[in-house]
Amino acid sequence: MTSDRFELLLAIGIVLVYLLDSMRLLGRREALVERLAQGRWQLAFGLVRIDLLGRRPALPNPLRPDRMLWLARWRLAAGSGGDAGKVVTPAAGAWDRVMGYLCLVLLLFVVVLAPAMLLLGENLYFAVAIGIGYLFAIAGATIFVIRAAEFGLRRWPAFGISAISVICLPCAPNLLRAACGGRILDVELPDFGESSAGESERRGFRSRFTSVLRHESWLSSADPEQDAKIKAILRRYEVES
């Protein structure tokens, strides 16, 4: 294998490892909640028509690892608002924001600059980018372990996640997302999805949630109450559109 081909494969491998580590596999009635700003979030249900052993692949925005991301388990509500629409995502604390900045820096040096330097044949700059990446990864891992309780995790699980982020450097930009993995939201849909302060997020949610309702296997279940809720939500969306 020539040097140029090896460098190309290495550059592609770095990006692919990061994307694969970013990906989540969602079960039935699971979604990802990404915090965009205070009071604003969006829900992702993954690729509805693709089933991998009963789970759907979902890829969060790969360019924004600084955004907090949680797994949500949801249930159907009547869709009338009320208390379900008042559920909010956990507020970002000081260390959440610090971790977000570190993840952005790691994305820049490890996933963007390092592969670019390889493709340009600048091996020295590639090594510098990787070295800087390791420094920031160690800093982020140290913060994560020390502040594990603030991220909803115990010390040893946080240490394991941190060790992986240092050993597998392309995984390091996802450290904040891994930190949020200790919190699982319990929400009612569609109320929670429509309670985001952003109109664009609400419109996008309705489109994605409609696809989920139409393609999930339990759409034709034998539960009359559930079927009635699903049909009522779909009718309401059809009228509003």
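Whatever comes next refers back to the structure up there.
Within each chain, residues carry numbers counting from 1 in the order of the written sequence. The predicted origin of the model limits local features to residues at a pLDDT of at least 70 and limits the giving and counting of side-chain atom pairs to 80 or more, whereas totals for whole chains, interfaces and linings rest on all residues. Side-chain metrics in this entry use all non-hydrogen atoms of the structure; hydrogen atoms and water are not considered.

Student: What exactly am I supposed to notice about the nonpolar core here?
Tutor: One broad rule of soluble globular proteins: the nonpolar side chains tend to lie buried together. Note on terminology: a nonpolar core comprises buried Ala, Val, Leu, Ile, Met, Phe, Trp, Tyr and Cys residues joined through side-chain atoms within 4.5 Å. Remark: exposure states derive from per-residue accessible area (1.4 Å probe, protein chains only) relative to the maximum for the residue type, with buried under 20%, exposed over 50%, and partly exposed in between. Membership of the largest hydrophobic core comes to 35 residues, with the highest contact counts inside it found for Leu 43, Phe 45, Trp 74, Leu 189 and Phe 209. If you look at the next biggest cluster of nonpolar residues, it comprises 16 residues, including Ile 14, Val 110, Val 111 and Ala 172.

Student: Please explain the pattern of salt bridges as it appears in this structure.
Tutor: Pairing is possible between side chains of opposite charge, provided their charged atoms come close. Definition used for salt bridges: Asp or Glu carboxyl oxygen within 4 Å of a side-chain nitrogen of Lys or Arg. Counted by the stated rule, this structure contains 13 salt bridges. Notably, a salt bridge pairs Arg 40 with Glu 201, separated by 2.7 Å at the nearest N-O pair. With a gap of 161 residues between them, Arg 40 in strand 3 (residues 40–44) and Glu 201 in helix 7 (residues 199–215) connect regions that are remote in the sequence. For Arg 40, a relative accessible area of 32% translates into the label partly exposed. For Glu 201, a relative accessible area of 5% corresponds to the buried category. In this structure, Arg 75 and Glu 188 form a salt bridge, with 3.2 Å as the shortest nitrogen-oxygen distance. Of this pair, Arg 75 sits in strand 5 (residues 69–76) while Glu 188 sits in strand 6 (residues 184–189), and the two are 113 residues apart along the sequence. A relative accessible area of 24% places Glu 188 in the partly exposed class. Every helix listed is a DSSP run of H or I at least four residues long, and every strand listed is a run of E at least two residues long, numbered separately from the N terminus.

Student: Please explain the side chain of Arg 202 as it appears in this structure.
Tutor: Following the sequence through the fold, Arg 202 ends up in helix 7. In this structure the side chain of Arg 202 is engaged in a polar contact, spanning 2.4 Å, whose partner is the side chain of Glu 199. Aside from chain neighbours lying at most four places away, what touches Arg 202 is Gly 193, Glu 194, Ser 196 and Ala 197. Counted as a polar contact is a pair of N or O atoms within 3.5 Å, where, for protein atoms, one must be capable of donating a hydrogen and the other of accepting one, and residues adjacent in sequence contribute only when both atoms are in side chains. Residue contacts follow a heavy-atom distance rule, with two residues in contact if any of their heavy atoms lie within 4.5 Å.

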